[in-house]
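Residues per chain, in single letters:
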Amino acid sequence: MPAARVEYIAPWWVVWLHSVPHLGLRLQPVDSTFRPRDESYQESLLFLGLVAAICLGLNLIFLAAYLVCACCCRQNDAVQTKRRNSCCVTWTAVVAGLICCAAVGVGFYGNSETNDGVYQLIYSLDNANSTFSGIDELVSGTTQRMKVDLEQHLARLSEIFAARGDYLQTLKFIQQMAGSILVQMAGVPAWREVTMQLTELADQTGYVEYYRWLSYLLLFVLDLVICLLTCLGLAKRSRCLLASMLCCGMLALLLSWTSLAADAAAAVGTSDFCVAPDTFILNITEGQVPAEVTRYYLYCSQSGSSPFQQALTVFQRSLTSMQIQVAGLLQFAVPLFPTAEKDLLGIQLLLNSSESSLHQLTAMLDCRGLHKDYLDALAGICYDGLEGLLFLGLFSLLAALAFSTMICIAPRAWKHFATRDRDYDDIDDDDPFNPQARRIAAHNPSRGQLRSFCSYSSGLGSQTSLQPPAQTISNAPVSEYMNQAVLFGGNPRYENVPLIGRGSPPPTVADAAWILSCCGCGVGQQLQI
């Protein structure tokens, strides 16, 4: 058993989520081991989504009952009750808006964390794919050189050295060393299938993550727009905006519970993987990769030996022996057979290239690089990704609470608007302080303007023969009893004469008769007579 690994430790939220009871659709217990292809395990995750659906149904039933009660109840018409209801609606809307904004903030953070974790997983998968592809290329390149290129050179040298048995024996030894290298290269696992699976997994994960991130972003925007509609509807006392908020709020409530169901299933499934990732990887690679090779990369224990150590050692020794034999042929056989120099130099270049490939292969087969990619992938999915899912679940709960509150205050706000409109209807339309009268006057400005009824220079026929009445004795200055002659065609204006000045006496009968005659009334003439 390799030494215990201390690089990866499952966080507390992984253990907590893994302890969530796993139940099938028939409420029977299900093993919590991560088995994504098992039907019973899939049912246990689907059951979590059904729980969220049941919560949505209960929420809708509560809202329906509340709306029915709110619409059927009669509101007291007392002023204090109306003020108290108005204040309650306002503060409840403020609290609901703050909860919605807080939920969107939490959701933005969770969405970003999940996105970072998923892309860290994809980056680690790409790095591992690059390593596996490099190993396959080096192994296939070495095999190609030993099988095809080396065999061609040895065949031509066998024809050249046909008369020398000792040189032929050397060529046979070189061929045996090449065969030994081929045997060792055959022991290195082929990662082609693993690379294809990892590439497909990375592509699908990136595709799903992009649309998941975009969907949550649109959901955040929708929640903020609904909050804005609520604020505008209450501020402008608009029933249209209030009705729009009610419809959009129901949609957002449905989407919030749906996202909570998806987040809960994804979080529990991810925690089941993160609590024992090594076991899952050992199970899925069984039959494709030897178990010791998988354990070597999963644990990368310093005390354990590499399963490729023997193959690499034989590869190195075989190359060294072949290089020594080729160097001897270049020294002793070329002077006797000059035509063999070209093939011997070709074999020497081939062996040098194989030695370079051996060093690269040794570095790629070392567990440290792939083990680091493995730990980075676990950190991305089990730390950042799963933490982001928890924050998204919290966002869904807060958003559901906020929109439920907004829907609850809608009927009270509607009744409050109706009560205010009814109060306005009770006021006389001619009352200048009635808001509705002001609105009607603004839309119907065609009312005739009242004529000035106190102008001395009026064009009425009954006023042309009238003379201004005699002024009463008063201590007020003369400037208070008349206006500028320039403004009134040289005739002073006497309409305010009896009332101007603090010490002026009340108007006499003659003054009242003159004022009424200015209005065209016969009463003034009678009083004047």
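What counts as what
- Residues numbered from 1 in each chain as written.
- Predicted model: local features only at pLDDT ≥ 70, side-chain atom pairs only at ≥ 80, totals over all residues.
- Heavy atoms only, no water.
- Helix = DSSP H or I, 4+ residues; strand = E, 2+ residues; numbered from the N terminus.
- Buried < 20%, exposed > 50% of the residue type's maximum accessible area, 1.4 Å probe, protein only.
- Contact = heavy atoms within 4.5 Å.
- Core = buried A, V, L, I, M, F, W, Y, C linked by side-chain atoms within 4.5 Å.
- Phe/Tyr/Trp six-rings, centres within 6.5 Å; stacked < 30°, edge-to-face > 60°.
- Lys NZ or Arg CZ within 6 Å of the ring centre and 35° of its normal.
- UniProt positions renumbered as here; feature names shortened; annotations may be inferred.
- Disulfide = S-S within 2.5 Å.
- Axes fitted to C-alpha atoms, helices over the stretch in contact; angles between N-to-C directions.
- Parallel < 35°, antiparallel > 145°, perpendicular 65-115°, else oblique.
- Left-handed = near helix turned anticlockwise from the far one by under 90°.
- Nonpolar A, V, L, I, M, F, W, Y, C, P; charged D, E, K, R; others polar.

> Just to check I follow, could you spell out the overall build of the protein chain for this structure?
Each helix and strand in the protein chain was counted, giving 14 helices and zero strands. Each helix and strand of the protein chain, ordered N terminal to C terminal, gives the series α-α-α-α-α-α-α-α-α-α-α-α-α-α. Going through the 529 residues of the protein chain one by one, you find that 39% of them count as buried. Sequence-distant contacts, at least 24 apart, represent 79% of the contacts inside the protein chain between residues at least 6 apart.

> Honestly, the nonpolar core in this entry has me stumped. Any pointers?
The nonpolar side chains of a soluble globular protein tend to be buried, and buried together. Among the nonpolar cores identified, the biggest contains 96 residues, and M146, F161, Y297 and M322 are the most heavily contacted of them. Not counting the four nearest positions on each side in its chain, M322 is found in contact with M146, L150, I174, M177, A178, I181 and L351. Judged by nonpolar contacts, the second largest core, of eight residues, contains L63, L260, A400 and I407.

> It is not clear to me how the packing of aromatic side chains should be interpreted in this structure. Could you clarify?
Note on aromatic pairs: each is described by the distance of the centres and the angle between the planes. Per the counting criterion, the structure on display carries 21 aromatic pairs. Between W12 and W13 the ring centres are 5.5 Å apart and the planes differ by 80°, which places this aromatic pair in the edge-to-face class. Given the relative accessible area of 13%, W13 is considered buried. For the pair W13 and Y383, a centre-to-centre distance of 6.1 Å together with 85° between the ring planes defines the contact as edge-to-face. Taken together, the residues span a long stretch of sequence, with W13 in helix 1 (residues 12–18) and Y383 in helix 11 (residues 367–426) at a distance of 370 residues. A connected cluster of aromatic rings, assembled from ring pairs, spans F132, W191, Y296, Y297 and F308. Directly above the ring of Y167 sits R164, whose terminal nitrogen or CZ lies 4.5 Å from the centroid.

> Quick question: what am I supposed to make of the UniProt feature "transmembrane region" (unreviewed entry) in the protein chain here?
The positions UniProt marks with the feature "transmembrane region" (unreviewed entry) are residues 45–68, 88–109, 213–234, 241–262 and 389–410. From the first C-alpha to the last, residues 213–234 spans 32 Å; its make-up is 100% helix and 0% strand. Counted over residues 389–410, helix gives 100% and strand 0%. Its end C-alpha atoms are 32 Å apart.

> Teacher, can you tell me more about the state of the cysteines here?
Should the sulfur atoms of two cysteines be covalently bonded, the bond is a disulfide. In this structure the tally under the stated criterion is two disulfides. Across the disulfide, C274 is cross-linked to C382 (sulfur-sulfur distance 1.9 Å). With the S-S dihedral at roughly -90°, the linkage between C274 and C382 falls on the left-handed side. One end of the pair, C274, is in helix 6 (residues 239–275); the other, C382, is in helix 11, and 108 residues separate them in sequence. Taking the relative accessible area as the measure of exposure, C274 reaches 0% and is therefore buried. With its sulfur 2.1 Å from that of its partner, C300 forms a disulfide with C367. Handedness here is read from the sign of the S-S torsion; for C300 and C367, about 60°, the answer is right-handed. Of this pair, C300 sits in the loop between helix 8 (291–299) and helix 9 (309–332) while C367 sits in helix 11, and the two are 67 residues apart along the sequence. Judged on exposure class, the residue C300 and its partner C367 are both buried. Among the cysteines of the protein chain that take part in disulfides, numbered as they appear in the sequence, the pairing is 1-4, 2-3. Considering cysteine sulfurs only, C227 is the nearest to C231, which forms no disulfide, with 6.3 Å between them.

> Before we go on, may I ask you to explain the packing of helix 5 (residues 192–236) against helix 6 in this structure?
When two helices pack together, their arrangement is given by the angle between the helix axes and by the axis-to-axis distance. One way to put it is that helix 5 packs onto helix 6 with a least axis distance of 9 Å and a crossing angle of 150°. Viewed along their axes, helix 5 and helix 6 adopt a mutual orientation that is roughly antiparallel. Of the two elements, helix 5 crosses helix 6, and the hand of that crossing is left-handed. Counting all contacts with helix 5, which are made through Y216, L219, L222, D223, I226, L229, T230, L232, G233 and L234, the residues of helix 6 involved are L241, L242, M245, C248, G249, A252, L255, S259 and D263. Of the residues that constitute the contact of helix 5 with helix 6, the class distribution is 13 nonpolar, four polar and two charged.

> Quick question: what am I supposed to make of the side chain of S404 here?
Mapped onto the elements of the fold, S404 is located in helix 11. Not counting residues within four places of it along the chain, the set of residues in contact with S404 comprises N59, L63 and L253.

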